[in-house]
Amino acid sequence: MNAILIQKTTDFFEKTFGSKPERVVLSPGRINIIGEHIDYNDGYVLPAAIDKIICFAFEKSNSNTSKIIAIDLDDSFEIEMNSSMELTDNVWTNYIRGVIHQLKLKGFEFEGVNCVFSSNIPTGSGLSSSAALECGFLFGMNELFDLNIKPVDIALMGQSAEHWVGINCGIMDQFSSVMGKEDKVIKIDCRTLEYTYHDANFTDYSLILFDSNVKHSLMTSAYNERRQQCEEGIATIKKNFPKITSFRDCTENQVISLKDKMSKDVFKRSLFAVKEIKRVALACEALDNGDIPALGKLMFETHEGLSKDYEVSCAELDMIVDTLKKEEAVVGARLMGGGFGGCTINLIKKGEEERIKSQLAGLYFDTFGIELKIYDVKISNGTSLYTA
Ligand code: GLA
């Protein structure tokens, strides 16, 4: 599938600019096994890059002007690299502007590029197409102009670009898009950015994504609000337990003891963060021991917490998880990513996948009149140069 995408992107480039691209970059989306909404709470996360990618074809334009073409959107824009970057109403262009802004802030020297890109990462599905866009574009700039930016710094600059666009995200998406490795999940310590790779071996179970095919608005503002509520929570904890500086050093009982000192929402968010940080440690152990049912159980618990305490689920995602919970063949399911729509990540007993898929799709359509989308994903490498 990716071979077709690469061909399409490079053909388009050659037709438009009359030359072969100097660099072709592949930048993936990501999944996250467990550890949701805790990358910005000093927690651990367990994501992986996937075989859904954005393909970029680049050349230097030999001027100060860049021309960027989004094939799938049938849209393009031109930008003067030495002008000051500003947000526009054309959202996809902002991610590119954000990256250029970061390069300038850090004092890198570069000129314009001609760039064409095309993607098979569904947008608005919680698979981090924006991280793939930021990191892939930045990777290409790094290669073309020999900027010597280290991979982890590409991820950090991608994250800053996303902040500039308006979502105060953590580091998980950009880190996994850049640092992903075939057949491995990455355990990232989001406090220190230390990371270890673990085998993504789900034994008798298949990893499948169900896309609710809905995207509820207010995602950005609700996301930023959650982050702020967590900051409030940790401030109250610090005030009462001065030795604690982060949710990860805090027990559930300590949070519970402060219930009257926090608003109801701040209390619920804080309790979720403390519990989720613990779940990731247990999930890693389960994965390393090949105990997939134990991992799955933790995923169901995460969903429950995201739905009831963190309140980032929606009727469609809850329906998918509630339905799957009743199936013996499904050992784990939960909403994945920021929430308010997008995908659930599910572990389904091998041999039962097709039955579960068709039953759920039918029921989902009958309930919401919306088509369920289904993705079988393969865990793959992070952002890289493509050589034919
Ligand atoms: C979005 C953000 C990430 C992370 C997840 C929730 O994908 O970009 O940083 O916070 O939501 O886990």
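Residues numbered from 1 in each chain as written. Predicted model: local features only at pLDDT ≥ 70, side-chain atom pairs only at ≥ 80, totals over all residues. Heavy atoms only, no water.

**Details of the overall build of the protein**
When you go through the protein residue by residue, the secondary structure sums to 11 helices and 13 strands. When contacts within the protein are restricted to residue pairs at least 6 apart in sequence, those whose partners lie at least 24 apart make up 72%. When the accessible surface of the protein is totalled, it reaches about 16300 Å², and 48% of it is carbon and sulfur. Averaging the locations of the 42 positively and 56 negatively charged side chains of the protein gives two centres separated by 5 Å. (Helix = DSSP H or I, 4+ residues; strand = E, 2+ residues; numbered from the N terminus. Contact = heavy atoms within 4.5 Å. Areas by Shrake-Rupley, 256 points an atom, 1.4 Å probe, with all protein chains shown as cover. Lys, Arg positive; Asp, Glu negative; His and termini not counted. Charge placed at Lys NZ, Arg CZ, Asp CG, Glu CD.)

**Things to note about the packing of aromatic side chains**
Enumeration over the complete set of coordinates arrives at 11 aromatic pairs. Between Phe-77 and Trp-92, the ring centres sit 5.4 Å apart and the planes meet at 80°, which makes this aromatic pair edge-to-face. Taken together, the positions of Phe-77 in strand β5 (residues 75-80) and Trp-92 in helix α2 (residues 91-105) put the pair 15 residues apart, joining distant regions of the chain. A network of ring pairs unites the aromatic residues Phe-56, Phe-58, Phe-77, Trp-92, Phe-117 and Phe-137 as a single cluster. (Phe/Tyr/Trp six-rings, centres within 6.5 Å; stacked < 30°, edge-to-face > 60°.)

**Quick notes on helix α8 (residues 264-288)**
For α8, spanning 25 residues, the distance from its first C-alpha to its last is 37 Å, which sits close to the expected 36 Å at 1.5 Å a residue. At the exit of α8 stands Gly-290, carrying a positive phi of roughly 70°. (Expected span 1.5 Å × (residues − 1).)

**Focus on the site of the ligand**
Surrounding the ligand, one finds Arg-30, Glu-36, His-37, Asp-39, Tyr-40, Cys-169, Gly-170, Met-172, Asp-173, Tyr-223, Gly-337 and Gly-338. The side chain of Arg-30 places a nitrogen or oxygen atom 3.1 Å from an oxygen atom of the ligand. Interatomic distance of 2.7 Å between a backbone N/O atom of His-37 and an oxygen atom of the ligand. The protein chains hide 93% of the 310 Å² of surface that the ligand would expose on its own. Considering only residue class, the shell around the ligand consists of 4 nonpolar, 4 polar and 4 charged. (Near = heavy atom within 4 Å. Polar contact = N/O pair within 3.5 Å; in protein donor to acceptor, adjacent residues only side chain to side chain. Nonpolar A, V, L, I, M, F, W, Y, C, P; charged D, E, K, R; others polar.)

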